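Reading the structure
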Amino acid sequence: MPTFSNPVLAGSHPDPSICRVGEDFYLVTSSFVYYPGIPVLHSRDLVGWQPLGHVVDRPSQVSLTGLDVSDGLWAATIRHHGGTFYVVVALARGRQGSTTYLFTASDPAGPWSDPVVLEAEGIDPSLFFDDDGRCWFTACRDAAEPEVTGPGELWMRELDLESLALTGPTHALWYGAMRGAWVEAPHLYKRDGVYHLIGAEGGTERHHAVTAARADAVTGPYSTDPRSPLLTHRHRGAAEPIHNVGHVDLVDTPAGETWAVALGVRPLDGTHTLGREVFLVPVEWTADGPVFAPDTGRVRLSERLPAGTGSGAVAPVRPARDDFGGTALGPEWSSLRGPVGHLVSTGPGEGGLTIRLSPEPLTGTGTPAFVARRQQHLRMRARARVRFTATAPTQEAGLVVFQHAHHATLALTADASGTPHVVLTAHEAGSPTRLGAVAMTSDEVVLVVDSDESGYTFHVEDGTWTTLGSIERPFFSTERAGGFVGVHLGLYGIGGADAGEAHVHWFEYAPAR
């Protein structure tokens, strides 16, 4: 039987949501304060996904300034109705929902509208279009009587499609299957006249689980599916390759199958660095409701292909090299909280990426001179050819491994006498530790970072090969660094006002065996 490999979206792609229009599938994920925000991806087979663009690609749409890396745009939902695509998303501040936005577009590739602010509290908003054309908005929030019902509540109001405003009464739908646990990630589906409310409980870590309730009317009352949890890996041992499974969204294929996209992580010795990834899980409908992974009851690294999607042959992974020859950065690149002061050289000349140094630190809440891409393989090598002449130790530019409160920099800089050096520094919760340094005879070098099961090792190529040091892998894990994101590999420049520019000739990312 032809198979595919999970995850179908590797690296930090949390909280997936999916919809289908004809033969085409569209998917969005959380982006937090990475910019552009809310990536939109396209597939014809649910396995191979290509980036289309982003919902938030103009600073005027949403301000992310001042937010922590793991706040920002949480758990968007994408739906299609009557020729229009809809995306709803919560903006989080201080780990709590602060504003709910609704975006629309006629083309999922964009442009997407400026947002409409909905009168909604909480997080994880979703939309459900019923057979009669009415649209229902759902989300999760703190329960009014947590000591009675449990801490979380799934609630509903109707969305007027003309005014794009919530209208009518608020309906409290469900408090979850596991009283005492927060219920979140609501999505509604209708099957054979029955409304199925799918949620997530147990937090987004080891106890994450998919639970459900059902009702005969869209506004309820909803009764807990006694089979809950319907999908979880919380009961599996440490050797299980996938953990933290939950936050699903369902889609029907043209062939009549149902599949779920779910988040999960691939830990090693109890910690993970790549973030929450997108896994594809088969679903079977029964008289009792959906059955996830009906053959095994678990998410697998190798799964059968969806019906009608071909042989399952996967093209070999090749190094991704970027010479920055276009007029804009590719869709794999992100910055923090907004567009950064970078220049992309085009036309005659040396090409490459020019980064204007900024005084904004990587640990701040503004927009530093920083662009990065997700790490998607545990074993990999990232390289960049960088030219930079520093005149003071406060000026630096180079390669960065970035994970929430922890990051490491491999930077061209200068010592107090002005002698050029490459310095390796680990930054833990704002506290830097120099791990290695080497004097340079040139202002242009190749900076290298290797990653494997044990950790990250940093090198410099300057006619010779110099290893500056290593950092253990758990240093960059979510379990140690905190937050909700995975490792990003990037380029950066820090310095005072008018501190100059660094030039990156190319950047290369290559999976390793």
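Given the structure is predicted, the values throughout are model-derived calculations rather than measurements. (Residues numbered from 1 in each chain as written. Predicted model: local features only at pLDDT ≥ 70, side-chain atom pairs only at ≥ 80, totals over all residues. Heavy atoms only, no water.)

Quick word on the environment of Thr29
Mapping Thr29 onto the fold places it in the loop between strand 3 (24–28) and strand 4 (34–35). Residues Thr29 and Thr413, spaced 384 residues apart in sequence, show a C-alpha to C-alpha distance of 37 Å. When neighbours within four sequence positions are excluded, Thr29 is seen to be in contact with His13, Pro14, Asp15, Pro16, Ile38, Pro39 and Val278. (Helix = DSSP H or I, 4+ residues; strand = E, 2+ residues; numbered from the N terminus. Contact = heavy atoms within 4.5 Å.)

Some thoughts on the pairing of strand 6 (residues 50–56)
Taken residue by residue, a regular strand's side chains alternate between the two faces of the sheet. Where strand 5 (residues 37–43) lies against strand 6, five bridges are found, and the strand directions are antiparallel. Across the sheet, residue Val40 finds its bridge partner in strand 6, namely Gly53. Counted along the chain from strand 5 to the antiparallel partner strand 6, the turn is six residues long, and its residue Leu46 has a positive phi close to 75°. (Pairing = 2+ DSSP bridges.)

Points about the side chain of Asp71
Position of Asp71 among the secondary structure elements: in the loop between strand 6 and strand 7 (72–81). A polar contact of 2.8 Å, which involves the side chain of Asp71, links it to the backbone nitrogen of Gly94. Beyond its immediate chain neighbours, meaning those up to four positions away, Asp71 contacts Phe32, Val33, Ala92, Arg93, Gly94 and Arg95. (Polar contact = N/O pair within 3.5 Å; in protein donor to acceptor, adjacent residues only side chain to side chain.)

Remarks on the sheet that holds strand 8 (residues 84–93)
Spatial strand order, 7-8-9-10: four strands in an open sheet with antiparallel pairing. Edge positions in the sheet fall to strand 7 and strand 10 (116–118), since each of these pairs with one other strand and no more. Between one strand and the next, the sheet's axes are offset by a mean angle of 25°, whatever the strand orientation. Taken together, the eight bridges between strand 7 and strand 8 define a ladder with antiparallel strand orientation. Each residue of the ladder has a partner; that of His80, found in strand 8, is Phe85. (Axes fitted to C-alpha atoms, helices over the stretch in contact; angles between N-to-C directions.)

Points about empty space enclosed by the protein
Counting across every chain of the model gives two cavities of 30 Å³ or more. In this model, the largest cavity occupies a volume close to 110 Å³. Partitioned by chemical class, the residues of the lining of the largest cavity number seven nonpolar, six polar and one charged. Of the volumes computed, that of the second largest cavity is approximately 50 Å³. If you go around the second largest cavity, the residues you meet are Asp15, Pro16, Ser17, Ala75, Ala76, Thr77, Asp124, Pro125, Ala185, Pro186, His187 and His247. Elements represented by at least two residues in the lining of the second largest cavity include exactly strand 7, strand 11 (123–129) and strand 15 (183–191). For the lining of the second largest cavity, the per-class residue count stands at six nonpolar, four polar and two charged. (1 Å grid on protein atoms, 1.4 Å probe; cavity = no way out; pocket = protein on both sides within 12 Å on 5 of 7 lines; lining within 4 Å. Points joined across faces, edges and corners; volume = space filled by probe spheres on them. Nonpolar A, V, L, I, M, F, W, Y, C, P; charged D, E, K, R; others polar.)

Quick word on the pairing of strand 2 (residues 17–21)
Looking at chain direction, strand 2 and strand 3 are connected through five bridges and run antiparallel. Note on strand 3: the bridge partner recorded for Ser17 is Val28. Taking the residues that link successive antiparallel strands as the turn, the strand 2-strand 3 hairpin has two residues, and the phi of Gly22 there is positive, at about 65°.

A word on the packing of aromatic side chains
Enumeration over the complete set of coordinates arrives at 13 aromatic pairs. Ring plane angle 55° and centroid distance 5.5 Å describe the contact between Phe137 and Trp155, whose orientation is recorded as tilted. Of this pair, Phe137 sits in strand 12 (residues 135–142) while Trp155 sits in strand 13 (residues 152–160), and the two are 18 residues apart along the sequence. For the pair Phe137 and Trp155, a shared accessibility class is recorded, and that class is buried. Stacked on the ring of Trp506, the Lys or Arg Arg321 has its end atom at 4.2 Å from the ring centre. The ring of Tyr509 carries Arg373 above its face, with NZ or CZ at 3.8 Å from the centroid. (Phe/Tyr/Trp six-rings, centres within 6.5 Å; stacked < 30°, edge-to-face > 60°. Buried < 20%, exposed > 50% of the residue type's maximum accessible area, 1.4 Å probe, protein only. Lys NZ or Arg CZ within 6 Å of the ring centre and 35° of its normal.)

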